[in-house]
Amino acid sequence: MNHFIYRENELYCEDVPVQRIAAQIGTPFYLYSHATLTRHFKAFNEAFEGIDRLVCFSAKANTNLAILKLFANLDCGLDIVSGGELYRGIQAGFAPNHIVYSGVGKRVDEIDYALKSGILMFNLESLDELKLINQRAGRLNQRARIAIRVNPDVDPKTHPYISTGLKKNKFGIDTAGALEGYRLAGSLEHIEVIGIDCHIGSQITEAGPFEDALNSIKTLIKQLKSELGIQIQYVDMGGGLGITYADETPPSLKEYAKAFLENLEGMDLTLILEPGRVLVGNAGILVTRVLYKKAGKGKNFIIVDAGMNDLLRPTLYNAFHAIEPIVRSQAPLTVADVVGPICESGDFLAVDRNLTEVDADDLLAVMSTGAYGFVMSSNYCSRPRVAEVMVKNNQYHVVKKRETYQDLVKGESIPTFME
Ligand SMILES: *Cc1c(COP(=O)(O)O)cnc(C)c1O
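Participant: Before we move on, can you summarise the site of the ligand with the specific residues and values?
Facilitator: Taken together, 14 residues surround the ligand, and among them K60, S202, E274, R277 and Y372 come closest. A distance of 2.3 Å separates an oxygen atom of the ligand from a polar side-chain atom of S202. Between E274 and the ligand, the recorded distance is 2.6 Å, taken from a side-chain N or O atom to a nitrogen atom. When the ligand sits alone it has 390 Å² of accessible area, and the protein chains cover 94% of it.

Participant: Give a description of the packing of aromatic side chains that names residues and reports values.
Facilitator: In this description, a pair of aromatic rings is defined by centroid distance and the angle of the planes. Inspection of every chain in the model, using the stated rule, returns 12 aromatic pairs. On the numbers, 4.6 Å between centres and 40° between planes, the contact of F57 with F71 is tilted. Placement of the pair is F57 in strand β5 (residues 53–58) and F71 in helix α3 (residues 65–73), with a sequence separation of 14 residues. In terms of burial, F57 and F71 fall into one category: buried. Ring geometry for F210 against Y256: centres 4.9 Å apart, planes inclined by 80°, an arrangement best described as edge-to-face. Residue F210 is located in helix α8 (residues 208–228), and its partner Y256 is located in helix α9 (residues 253–264); the two are separated by 46 residues in the primary sequence. Judged on exposure class, the residue F210 and its partner Y256 are both buried. Aromatic rings pair up to connect F44, F48, F210, Y256 and F260 into one cluster. Across the ring face of Y101, the terminal group of K106 is positioned such that the distance to the ring centre comes to 5.3 Å. Taking the ring centre of Y6 as reference, the NZ or CZ of R328 above it sits at 3.6 Å.

Participant: Now, about the nonpolar core: what can you tell me, with residues and values included?
Facilitator: Note that soluble globular proteins tend to have their nonpolar side chains buried in a common cluster. Within the largest apolar cluster, 95 residues are counted, with the highest numbers of intra-cluster contacts made by F57, F71, F122, I146, I196, M237 and F260. Element by element, the count of residues in this core is highest for α8, at seven residues. Counting the residues that make up this core, at least three belong to each of domain 1 (4–32 + 282–408) and domain 2 (34–280). Sequence-distant contacts of I146, that is, excluding residues within four places in its chain, are made with M121, F122, L124, L130, A185, I191, E192, V193, I194 and G195.

Participant: Break down helix α6 (residues 127–139) for me, with residues and values.
Facilitator: Counted at 1.5 Å a residue, the expected span for α6 with its 13 residues is 18 Å, and the 19 Å between its end C-alpha atoms agrees. Of the positions making up α6, those classed as buried are E129, L130, I133, N134, R136 and A137. As for α6, its buried residues are in contact with α5 (108–117), β8 (121–124), β9 (144–151), α7 (175–187) and β11 (191–197). The positive-phi residue at the C-terminal boundary of α6 is N141, with phi of around 60°.

Participant: A description of the pairing of strand β15 (residues 300–304) should follow, citing residues and the corresponding values.
Facilitator: The pairing of strand β14 (residues 284–295) with β15 spans five bridges and is antiparallel. The residue of β15 that forms the bridge with V290 is V304. Linking β14 to β15, which pair antiparallel, is a turn of four residues; within it G298 sits at a positive phi near 75°. Pairing of β15 with strand β17 (residues 333–339), which is carried by three bridges, proceeds in the parallel orientation. Each residue of the ladder has a partner; that of I303, found in β17, is V339.

Participant: How would you sum up the domain arrangement of the chain? Please name residues and give values.
Facilitator: Each assigned domain of the chain is listed with its residue range as follows: domain 1 (4–32 + 282–408) and domain 2 (34–280). For domain 1 and domain 2, the distance between their C-alpha centres works out to 32 Å. Residue-level contacts link 22 residues of domain 1 with 24 residues of domain 2. Carbon and sulfur atoms make up 59% of the surface buried where domain 1 meets domain 2, a total of about 2000 Å² over both sides. Considering only the side of domain 1, the residues that lose the most area to domain 2 are N282, Y317 and Y372, jointly responsible for 29% of the buried surface there. Connecting domain 1 to domain 2 are zero salt bridges. There are 10 residue pairs in polar contact (both at pLDDT 80 or more) connecting domain 1 and domain 2. When contributions to the side of domain 1 that touches domain 2 are tallied by element, the ones reaching two or more residues are α11 (313–317), β20 (387–392) and β21 (395–400). The greatest single-element share of the side of domain 1 that touches domain 2, amounting to four residues, is contributed by β20. In the side of domain 1 that touches domain 2, the residues fall into 12 nonpolar, five polar and five charged.

Analysis parameters
Residues numbered from 1 in each chain as written. Predicted model: local features only at pLDDT ≥ 70, side-chain atom pairs only at ≥ 80, totals over all residues. Heavy atoms only, no water. Near = heavy atom within 4 Å. Polar contact = N/O pair within 3.5 Å; in protein donor to acceptor, adjacent residues only side chain to side chain. Areas by Shrake-Rupley, 256 points an atom, 1.4 Å probe, with all protein chains shown as cover. Phe/Tyr/Trp six-rings, centres within 6.5 Å; stacked < 30°, edge-to-face > 60°. Helix = DSSP H or I, 4+ residues; strand = E, 2+ residues; numbered from the N terminus. Buried < 20%, exposed > 50% of the residue type's maximum accessible area, 1.4 Å probe, protein only. Lys NZ or Arg CZ within 6 Å of the ring centre and 35° of its normal. Core = buried A, V, L, I, M, F, W, Y, C linked by side-chain atoms within 4.5 Å. Domains from an automatic or database assignment. Contact = heavy atoms within 4.5 Å. Expected span 1.5 Å × (residues − 1). Pairing = 2+ DSSP bridges. Buried area = accessible area lost by both parts, 1.4 Å probe. Salt bridge = Lys/Arg side-chain N within 4 Å of Asp/Glu carboxyl O. Nonpolar A, V, L, I, M, F, W, Y, C, P; charged D, E, K, R; others polar.

Quick look at the structure:
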């Protein structure tokens, strides 16, 4: 359910016609609905009613400060993967003890920053990292709270680039290794073991893999207690719940939550979840304008002003995003590739797509782009990054300004030896 709806053939975001924003700020831009974001968080959180829990929005899906602030205001926690995301999280007002820190490659400066900030826990991914965190916490006279990210070797049945819980993936430690890791962690002076963590992948559209992962984690929790006397307080089951981009049928929130609620009953644990895509994916669209049409040999091209540098998912993952006209017409259907201005054949938003015919200057919406959209954008081909806009009821606000040409060269300088 989202708040991008047609009224009389014209697309609105809540009570604002998308066309009006385009006329006032130009294109392309990402557009987010405050009501959809709020609704998604509340529905997710309420699905876990009845169990101690902390829902930590996975920042990397969309790190715009306004979006982070919206979630912080709803008492949401935050899952971060870098010092930069920690900085944003603190700026947005998240309580540090509601922040968990994942990622295979945490640097010393990032570890120190997180320790000084007093985050809830580090989800650590190797024994080397464990030793380093122990050492850094010692220097700061602290005990670092940690969970070990376990790789339960379950197949999430998703795109290989976003599958993270298989033996061959770089993430986490396998279950046997994790037991050794906990043994070591239990012996380290500046480490406090509080949790166990796993994250098996993204855009998962079945409940089965989550349940398999949880069962594997539960076995380990019991082993930790009986063999090492370690009492786990937090079980972090990561993110990964999929959304509907085309015709996928992910489990409902209720079915998804049921897998956890039934399996954790009576275990006296706090459940942590790290949803990203499911909170923001369908709360955002990318608005772009048609520049040209071109009939190739056996192919029609619609050339628009947004490219792969603005939305990488189609070319990176072969991801499908619905493309809708901002103003619906009675024009006949056509089949076309929707492509951007970048000098790469991989620069497409849609391939062989059925669309109603469009003309130059028409506006199109690339749907379901609230997650892994703007955050993966780049300045490739010296294209300024696009604006981001948030709508609430009948108001809109530019939550990130479109970059200028001056922004493009910020920080660059010509060496004196070239003058
Ligand atoms: C990316 C990521 C998430 C969020 O994944 P979604 O599929 O967007 O829900 C959660 N936890 C970790 C550790 C991640 O890397």
